[in-house]
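Given next are the chains, with one letter for each unit.
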Amino acid sequence: MTGRAPQTLQINLGDRSYPIVIGAGLLDDADVVTGHVTARDVLVVTNETVGPLYAARLLAGLAGKRVRTLELPDGEQYKTLAVLERVFDALIEARLNRDACVVALGGGVVGDMAGFAAACYQRGVDFVQVPTTLLAQVDSAVGGKTGVNHPGGKNLIGAFHQPRAVLSDLGTLRTLPPRELRAGLAEVIKYGLVDAADFLAWIEANVEPLLALDMDALAYAVRRSCEIKARIVAADEREHGQRALLNLGHTFGHAIETAAGYGEWLHGEAVALGMLLAADLSQRLGYIGTTDVARVRELLRRAELPTTAPAIGAALALDLMGMDKKVLQGRIRLVLLRQLGAGIVTGDYPAEALQATLRSHFEVAA
Ligand code: NAD
Ligand code: GLY
């Protein structure tokens, strides 16, 4: 497999099915861009970092259409309702109608916000994801979750709204700060841990090429991650069941992100640590062994992801975990590991075991 030849996967959701195109140099391929952005009126939503790097290339492929570009401020702290208003202002100012298309050019923050704006504007317009971070290419751009944060919790305000296409140009990852690449790698590791022991072993064997931006390794990692996500989302689009597996590490991670203040810990970093806590709890419950937990820790260490929690205290961590959307009837449902490569979603665990995990991580100074 080569990172340069585009590959297309399909996410099967009936009349909302769509392709995920993966390849290096897609942004410069006008046939790919216009083949998937078919509307005449287009609002490209990007941010002040990604816009200057990639908007001109994307716009060249959209020549002949009526295209406006909106640059949002860069950062998780701007993923708010207040900043979202700027997208609505731009759509209204340009007098765009229901046949317009919103194109999200950027990482997960831009994608979640542009997607949410597209979900709401005139009760829903088309949108296309052009993800430029590894995290967005393997996770946030796929599956239709959109939204913004609230001071009370991450992603609390949002909607399911599937894109019309996802165009993942692997070449954009070359300008990604290494810390952001590593954060994306956390989500890749997540797929191996919850769904595919063979993929987990492949990641263990390929951490260094991935960190070194080897295009073939990235192409395989993005494709395999998207295949897993596409299958799970196709079976459970609205997260009534197995889609929750994709939240391995997220409930712990959201507590870390909220306690630290949005933007301090990257989402993927918080997820990485959250996966270690999930492994710890899984071990306390007898699902996996201490050597498995050590294997998770070692992989995160090699991927240069955090393995030490901030000392926010177990009580605050539990409180913030309770604000997560995975709470059902007062029980915090968690994704745990039945074995490495097989996750389970459960609210059925002794509260003391969770407390012990939280105490052992959050009450030790970072
Ligand atoms: P991000 O969007 O903040 O991007 C990370 C940083 O990289 C930003 O500074 C951005 O400007 C910069 N950047 C993006 N592409 C670049 C490039 N090619 N070159 C140089 N710089 C570039 O962060 P992220 O990790 O992509 O996404 C995190 C967000 O995604 C969080 O808000 C999280 O809640 C959300 N998320 C959503 C889902 C979902 O299903 N919708 C899933 C996972 C995460
Ligand atoms: N990031 C988890 C999901 O899309 O369901």
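Shown above is the structure to which this text applies.
Definitions and limits used
- Residues numbered from 1 in each chain as written.
- Chains lettered and ligands numbered in written order.
- Predicted model: local features only at pLDDT ≥ 70, side-chain atom pairs only at ≥ 80, totals over all residues.
- Heavy atoms only, no water.
- Pairing = 2+ DSSP bridges.
- Helix = DSSP H or I, 4+ residues; strand = E, 2+ residues; numbered from the N terminus.
- Axes fitted to C-alpha atoms, helices over the stretch in contact; angles between N-to-C directions.
- Contact = heavy atoms within 4.5 Å.
- Near = heavy atom within 4 Å.
- Polar contact = N/O pair within 3.5 Å; in protein donor to acceptor, adjacent residues only side chain to side chain.
- Areas by Shrake-Rupley, 256 points an atom, 1.4 Å probe, with all protein chains shown as cover.
- Nonpolar A, V, L, I, M, F, W, Y, C, P; charged D, E, K, R; others polar.
- Disulfide = S-S within 2.5 Å.
- Buried < 20%, exposed > 50% of the residue type's maximum accessible area, 1.4 Å probe, protein only.

A. Summary view of the sheet that holds strand E3 (residues 41–47). Judged by pairing direction, the sheet is mixed, and its seven strands sit side by side in the order E1-E2-E9-E6-E5-E3-E4 without closing on themselves. Of all strands in the sheet, those bounded by a partner on one side alone are strand E1 (7–11) and strand E4 (66–72). When the angles between neighbouring strand axes are averaged without regard to direction, this sheet yields 15°. One ladder, built from five bridges, connects E1 with strand E2 (residues 18–23); its direction is antiparallel. Following the sheet pairing, Leu9 is matched in E2 by Ile20. In this fold helix H4 (residues 108–120) packs onto E3, E4, strand E5 (101–106) and strand E6 (126–131), with an angle of close to 170° to the strand it touches most, E5. Packed onto the sheet, helix H8 (residues 215–235) meets E1 and E2 and runs at close to 15° relative to E1.

B. Focus on the site of ligand 2. Taken together, Asp139, Lys145, Lys229, Glu239, Arg243, Leu246 and Asn247 make up all the residues around ligand 2. Separating an oxygen atom of ligand 2 from a side-chain N or O atom of Lys145 is a distance of 2.9 Å. One of the side-chain N or O atoms of Arg243 is found 2.7 Å from an oxygen atom in ligand 2. In the complex, the protein chains occlude 90% of the 200 Å² of accessible area that ligand 2 would expose alone. A class-by-class count of the residues in the shell around ligand 2 yields one nonpolar, one polar and five charged.

C. Inspection of the state of the cysteines at higher detail. Counted according to the given criterion, the structure contains zero disulfides. Note on Cys120: no disulfide assigned, nearest cysteine sulfur contributed by Cys101 at a separation of 16 Å. The class for Cys120 is partly exposed, based on a relative accessible area of 35%.

D. Structural context of the environment of Leu59. Positionally, Leu59 belongs in helix H2 (residues 50–61). By relative accessible area, Leu59 is classed as partly exposed at 29%. When the C-alpha atoms of Leu59 and Val110 are compared, they prove to be 17 Å apart, with 51 residues separating the residues in sequence. Filtering out sequence-adjacent residues up to four positions away, Leu59 remains in contact with Val44, Val67 and Thr69.

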